[in-house]
Amino acid sequence: MSNVEQTLSIIKPDAVERNLVDKIQKKFKDEKLIIVKTKKIQISKEEASEFYKVHQTKPFFDRLCSYLSSGPIVVMILEGKNAITENRRIMGATDPKNAENGSLRKLYGISIDKNSVHGSDSPDNAKKEINFFFKD
Ligand code: UDP
Ligand code: MG
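Our focus in this paragraph is the sheet that holds strand β4 (residues 117–119). Overall, antiparallel pairing links the four strands, which are arranged β2-β3-β1-β4 in an open sheet. Looking along the sheet, the strands with just one partner apiece sit at the ends: β2 (34–41) and β4. For this sheet, the mean angle separating the axes of adjacent strands, direction not counted, is 20°. Strand direction decides the pairing type here: strand β1 (residues 4–11) and β4, joined by three bridges, are antiparallel. Directly across from I10, in β4, lies its bridge partner H118.

So this is what it looks like as structure tokens:
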């Protein structure tokens, strides 16, 4: 079965700020994911809190939402075979210290906070997150 999926990817403020958008987008294309839609935006802290609400009880929640709203981000719909798990593999582990060699977070992540990219973690969340940023 082909299992073509769509997933949401975010290039976080630390990576946009360091001019890494083209390099990160090239990596997705090299890994056979199509960038179906992309836009550069800045969101409010309230919007970030809504986006990350699954983490609202975590100790890092407030810092996370302040950070995601601190500067421009690039949001993308990625499409391809097993796109959700493929994107998670391409990103690498949450903490760049533990990320696999060659993964985006290993290459570009600064810390567990500033880990350069976000990717949906399940088909359900991929749908919700795509709809959050691309309602039309
Ligand atoms: N995060 C953090 N401290 C932690 C765990 C997570 O700052 O101890 C941040 C990190 O930037 C991560 C985001 O919260 O990307 C969401 O956490 P999650 O566990 O969903 O990791 P991800 O799905 O991004 O790998
Ligand atoms: Mg997550």
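Glancing now at the packing of aromatic side chains. A full pass over the atoms with the stated rule returns four aromatic pairs. An angle of 55° between the planes, with centres 5.5 Å apart, marks the rings of F51 and F132 as tilted. In this pair, F51 is assigned in helix α3 (residues 45–51) and F132 in helix α7 (residues 123–133), connecting sequence segments 81 residues apart. Overall, the relative accessible area of 23% leaves F132 in the partly exposed class. Their ring planes at 50° and their centres at 5.3 Å tell us that F51 and F133 sit as a pair that is tilted. A residue pair is termed long-range when its members are at least 10 positions apart, and F51 in helix α3 and F133 in helix α7 qualify at 82 residues.

Volume-wise, the largest pocket comes out at about 700 Å³. Considering the residues around the largest pocket, the lining is formed by 26 residues, among which Y52, V54, H55, L64 and H118 are closest to the centre. At the level of elements, α3, α4 (61–68), α5 (83–91), β4 and α7 are the ones that each hand at least two residues to the lining of the largest pocket. Sort the elements by how many residues they give to the lining of the largest pocket and α7 lands first, with four residues. Grouping the amino acids of the lining of the largest pocket by side-chain chemistry returns nine nonpolar, seven polar and ten charged.

Rules behind the numbers
Residues numbered from 1 in each chain as written. Chains lettered and ligands numbered in written order. Predicted model: local features only at pLDDT ≥ 70, side-chain atom pairs only at ≥ 80, totals over all residues. Heavy atoms only, no water. Pairing = 2+ DSSP bridges. Helix = DSSP H or I, 4+ residues; strand = E, 2+ residues; numbered from the N terminus. Axes fitted to C-alpha atoms, helices over the stretch in contact; angles between N-to-C directions. Phe/Tyr/Trp six-rings, centres within 6.5 Å; stacked < 30°, edge-to-face > 60°. Buried < 20%, exposed > 50% of the residue type's maximum accessible area, 1.4 Å probe, protein only. 1 Å grid on protein atoms, 1.4 Å probe; cavity = no way out; pocket = protein on both sides within 12 Å on 5 of 7 lines; lining within 4 Å. Points joined across faces, edges and corners; volume = space filled by probe spheres on them. Nonpolar A, V, L, I, M, F, W, Y, C, P; charged D, E, K, R; others polar.

Take it as geometry only, folks, not as evidence of what the structure does.
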